[in-house]
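One-letter residues, chain by chain:
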Amino acid sequence: MCVCQTMEVGKYGKNATRSGDRGVLLEPFIHQVGGHSSMMRYDDHTVCKPLITREQRFYESLPPEMKEFTPEYKGVVSVCFEGDSDGYINLVAYPYVENEALEQDDVPERDQPRRKHSRRSLHRSSSVTEHKEEKPGLASDNTESSIQETKSPRVDLHIHSDVPFQMLDGNSGLSSEKISYNPWSLRCHKQQLSRMRSESKDRKLYKFLLLENVVHHFKLPCVLDLKMGTRQHGDDASEEKAARQMKKCEQSTSATLGVRVCGMQVYQLDTGHYLCRNKYYGRGLSIEGFRNALYQYLHNGIELRKDLFEPVLTKLRSLKAVLERQASYRFYSSSLLIIYDGKDSRAGMFVERRPEMRLKRVDSSLPESLQDGSSTEPGSSAQPKVDVRMIDFAHSTFKGFRDDPTVHDGPDMGYVFGLESLINIMEQMREENQ
């Protein structure tokens, strides 16, 4: 039983789910496409994640001109897990009270043992093909804890979308099962519950960051999560950790482009599903493969969304200009989210055309406008809403921040290099598809 159960929550966000009028029942955030910490839905406009002190302090000290490109920081809540009447586990948030809740261990990485279970097999309760990419030998064969890890019906009851998701496996084939959440979000949620359960004897309350839900403006959010920069390890990383991260960079487009795909979901108008990719797919891409992934992200199953080029490029150029002015800042292991709405003004017309579009492979007599999916609807040239946000600052630093012993000169040129590569590739793609 959670020790804070008798506390009253004085204020709920919009459409927050109450837990017995005492707290806010947290639900897995169904649009999480990357990362390793589980993002939880607090209410329609707010998500939360396990608090790491460095990241919290970084959000609190953000330069004003960077705030346009980061989620709004909304504070801290205390989170505990409670058993319900059926014996299942729920995460519940309460108002934060100083000194009662603990954050994730905020010690230098060299003092943290590497989690051997961080890639524990999760396919016992999920048949999505993502588990095919797991390395052999890392699955737990036994154990009650492994079985208990899957006993979380709240994932099934609360985590859902009106639009099905389909994971693309390592062979670029569709998974056979259509599910109602991004499979990566379920993976992260299960691992988070497993970590919290294993520490439950010593820790009753956890601190979680409250952050803006940056996709809440979008009806069908198409999300690209990009790991930015040529270096991923923090200044406090152990030699082993630094070597692992450097190897990942050397073997991926992080070294050649300063950016790699960490996750993706894109709505397909022709099928009515989201297609999903994860970080293991992104790590194996060549430069050309990265270009193809970006093309796929901008393609709705019927046509390339050419109307997205200019608004996305404008945001990226603005962000690059801002970061070039941030002397001594380093954003190691941070990500960049690019977001647009899969439901654009032309969606209704495309849906009506689905039968014709399926026939285009065999019927060359179809009008050219249907063959290439081009739009002639009046007003379709209106610029769509897009968003670009930096996230994940657990390894970020700048001069004078938390008395960090390592001080860097100039802007984060590894990150800037990644932005330049992204801008160049998108500009070339735009020219090729005029």
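Data block above holds the structure.
The sections below set out a description of the structure shown in this document. All values derive from a computational prediction rather than experimental measurement.

1. Some details on the overall build of the chain
Here is step 1: When its secondary structure is counted, the chain shows 13 helices and 16 strands.
Here is step 2: Buried positions account for 56% of the 434 residues belonging to the chain.
Here is step 3: Long-range pairs, those at least 24 residues apart, make up 78% of the contacts in the chain between residues at least 6 apart in sequence.
Here is step 4: Surface exposure of the chain reaches about 19800 Å², of which carbon and sulfur atoms provide 47%.

2. Focus: the nonpolar core
Here is step 1: Formed by 73 residues in total, the largest nonpolar core has its most connected members in Y297, L298 and L336.
Here is step 2: Among the elements that take part in this core, helix α13 (residues 413–432) stands out by supplying eight residues, more than any other.
Here is step 3: Not counting residues up to four positions away in its chain, the partners in contact with L298 are E303, L304, R305, L308, F309, Y340, M426 and M429.

3. Brief notes about helix α8 (residues 287–297)
Here is step 1: All of the buried residues along α8 are G289, F290, R291, A293, L294 and Y297.
Here is step 2: Elements that come into contact with the buried residues of α8 comprise β10 (221–228), α6 (253–257), β11 (259–268), α7 (279–283), β14 (335–341) and α13.

4. Here we look at the pattern of salt bridges
Here is step 1: With the rule as written, the count across this model stands at 19 salt bridges.
Here is step 2: Salt-bridge contacts for D44 lead to R41; the nearest nitrogen and oxygen are separated by 2.6 Å.
Here is step 3: Judged by relative accessible area, D44 falls into the partly exposed class, the value being 24%.
Here is step 4: Note on R41: relative accessible area 17%, which makes it buried.
Here is step 5: We note a salt bridge from R291 to E432, for which the minimum N-O separation is 3.3 Å. Of this pair, R291 sits in helix α8 while E432 sits in helix α13, placing them 141 residues apart in sequence.
Here is step 6: A residue is classified by how much of its surface remains accessible, and R291, at 13% relative accessible area, is buried.
Here is step 7: On the basis of relative accessible area, E432 is assigned to the exposed category, the value being 55%.

5. Quick notes on the packing of helix α9 (residues 309–323) against α13
Here is step 1: The interhelical angle for the contact between α9 and α13, taken along N-to-C directions, is 160°, at an axis separation of 10 Å. Comparing their axes, α13 and α9 come out roughly antiparallel. In the packing of α9 onto α13, the handedness of the crossing is left-handed. Counted together, F309, E310, V312, L313, L316, R317, L319, K320 and L323 of α9 and Y415, V416, L419, E420, L422, I423, M426, E427, M429 and R430 of α13 form the full contact between these two elements.
Here is step 2: A breakdown of the residues in the contact of α9 with α13 according to their chemical character gives 13 nonpolar, no polar and six charged.

6. Remarks on helix α1 (residues 53–60)
Here is step 1: Summarising burial for α1: six of the eight residues are buried, a large majority.
Here is step 2: The set of residues buried in α1 consists of T53, R54, E55, Q56, F58 and Y59.
Here is step 3: If you follow the buried residues of α1, they end up packed against β5 (46–50), β6 (73–83), β9 (206–212), β13 (330–331), β15 (386–391) and β16 (396–397).

7. Focus: the packing of aromatic side chains
Here is step 1: Evaluation of the coordinates by the stated rule reveals 15 aromatic pairs.
Here is step 2: Ring centres of Y329 and F331 lie 6.0 Å apart, and the angle between their planes is 25°; on these two criteria the pair is classed as stacked. By the burial criterion, Y329 is buried, and F331 matches it.
Here is step 3: Between F331 and Y415 the ring centres are 5.7 Å apart and the planes differ by 70°, which places this aromatic pair in the edge-to-face class. Taken as a pair, F331 in strand β13 and Y415 in helix α13 lie far apart in primary sequence, 84 residues in all. As far as the burial class goes, F331 and Y415 line up, both buried.
Here is step 4: By way of ring pairs, the aromatic residues F58, Y59, Y73, Y329, F331, F393, F398, F401 and Y415 are connected into one cluster.
Here is step 5: Positioned above the aromatic ring of Y332, the side-chain terminus of R231 is 4.0 Å from the ring centre.
Here is step 6: The ring centre of Y281 lies 3.8 Å from the NZ or CZ of R277, which sits over that ring.

8. Considerations on unusual backbone geometry
Here is step 1: A positive phi angle is found at S328, which is not glycine, with a value near 75°.
Here is step 2: Topologically, S328 is positioned in the loop between α9 and β13.
Here is step 3: Despite not being glycine, S333 shows a phi value in the positive range, around 70°.
Here is step 4: Mapped onto the elements of the fold, S333 is located in the loop between β13 and β14.
Here is step 5: We classify S333 as buried; its relative accessible area is 16%.

Conventions and cut-offs
- Counting of residues starts from 1 at the beginning of each chain's written sequence and follows it residue by residue.
- Totals for whole chains, interfaces and linings use all residues, but because this is a predicted model, local features are given only for residues with pLDDT of at least 70 and pairs of side-chain atoms are given and counted only at 80 or more.
- Side-chain metrics rest on all non-hydrogen atoms present in the structure, leaving aside hydrogens and water.
- Only DSSP runs of H or I reaching four residues or more are called helices, and only runs of E reaching two or more are called strands; each is numbered from the N terminus.
- To sort residues, take the accessible area from a 1.4 Å probe on protein chains only and compare it with the maximum for the residue type: under 20% means buried, over 50% means exposed, and anything in between is partly exposed.
- The contact criterion used throughout is that any non-hydrogen atoms of two residues lie within 4.5 Å.
- Note that accessible areas follow from Shrake-Rupley with a 1.4 Å probe, and for residues the cover is restricted to the protein chains shown.
- The definition of a nonpolar core used throughout is a set of buried Ala, Val, Leu, Ile, Met, Phe, Trp, Tyr and Cys residues joined through side-chain atoms within 4.5 Å.
- By definition, a salt bridge exists where a carboxyl oxygen of Asp or Glu is found within 4 Å of a side-chain nitrogen of Lys or Arg.
- Note on method: axes are straight lines fitted to C-alpha atoms, helices fitted across the in-contact stretch only, with angles between N-to-C directions ranging 0 to 180 degrees.
- Should an angle lie under 35 degrees it is considered roughly parallel, over 145 roughly antiparallel, and from 65 to 115 roughly perpendicular; all remaining angles are considered oblique.
- Left-handed describes a crossing in which the near helix is turned anticlockwise from the far one by less than a right angle; the clockwise case is right-handed.
- The classification used treats Ala, Val, Leu, Ile, Met, Phe, Trp, Tyr, Cys and Pro as nonpolar, Asp, Glu, Lys and Arg as charged, and all other residues, Gly among them, as polar.
- The pairing test for Phe, Tyr and Trp rings, Trp by its six-membered ring, is centres within 6.5 Å, and the orientation test on the planes gives stacked under 30 degrees, edge-to-face over 60, and tilted for anything in between.
- Either the NZ atom of lysine or the CZ atom of arginine qualifies as a charge over a ring when it sits within 6 Å of the ring centre and within 35 degrees of the ring normal.

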